[in-house]
Structures are given as structure tokens and as C-alpha cells.
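Listed below are the residues making up each chain.
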Amino acid sequence: MDRQSTPGDRIADALALLTGRHTVRCPQPGCRVSVRYRAVSCGEAKRLTDLAPDHTRH
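Please read all numbers here as calculations on a predicted model, not as lab measurements.

Draft legend 1. Examining the overall build of the protein chain more closely. When helices and strands are counted, the protein chain shows two helices and two strands. The order of helices and strands in the protein chain, counted from the N terminus, is α-β-β-α. Across the 58 residues that make up the protein chain, the buried fraction comes to 19%. The long-range share in the protein chain, meaning contacts at least 24 apart out of those at least 6 apart in sequence, stands at 39%. Summed over its atoms, the accessible surface of the protein chain is roughly 4,200 Å², and 58% of this surface lies on carbon and sulfur atoms. In the protein chain, 10 side chains carry a positive charge and 6 a negative one; their mean positions are 5 Å apart.

Here you go:
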């Protein structure tokens, strides 16, 4: 089950997207881990994208 994002989370993510940043959040209920990145290599983007939703790694 995905955690519920707050209106503040959604606003912050939208503002980040406007500045070219990408946000990936952990879907585990109660987990507040998120990764936000900008201007990274494709390999690093994949690593970060794989890291955030894998709750066992953080």
C-alpha cells in the first residue's frame, strides 16, 4: 500500500519538477524517505530511482 502524500509533499514535488529535479519516494506506509535529484548521469539516476522505493535498503 502506498503511503499518502501530504499536500505539502505534492507542492514541494511540483516546485522541484519546475526546477528540473526529480523526486522518488518510498511507498512503505509511514516511511518519509525521498530522493530528489537533478543533473546526474543516467546510471546514477537509475541507482537513485531503485534506492528510494526499496524500503529494505534504507
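Draft legend 2. Structural view of the environment of Asp 50. Secondary-structure assignment places Asp 50 in helix H2 (residues 42–51). At 2.7 Å, the side chain of Asp 50 forms a polar contact with the side chain of Lys 46.

Draft legend 3. Representation of unusual backbone geometry. A positive phi angle is found at Ala 39, which is not glycine, with a value near 55 degrees. Of note, Ala 39 is situated in the loop between strand S2 (34–37) and H2. The exposed category is assigned to Ala 39, whose relative accessible area is 78%.

Calculation criteria
Residues numbered from 1 in each chain as written. Predicted model: local features only at pLDDT ≥ 70, side-chain atom pairs only at ≥ 80, totals over all residues. Heavy atoms only, no water. Helix = DSSP H or I, 4+ residues; strand = E, 2+ residues; numbered from the N terminus. Buried < 20%, exposed > 50% of the residue type's maximum accessible area, 1.4 Å probe, protein only. Contact = heavy atoms within 4.5 Å. Areas by Shrake-Rupley, 256 points an atom, 1.4 Å probe, with all protein chains shown as cover. Lys, Arg positive; Asp, Glu negative; His and termini not counted. Charge placed at Lys NZ, Arg CZ, Asp CG, Glu CD. Polar contact = N/O pair within 3.5 Å; in protein donor to acceptor, adjacent residues only side chain to side chain.

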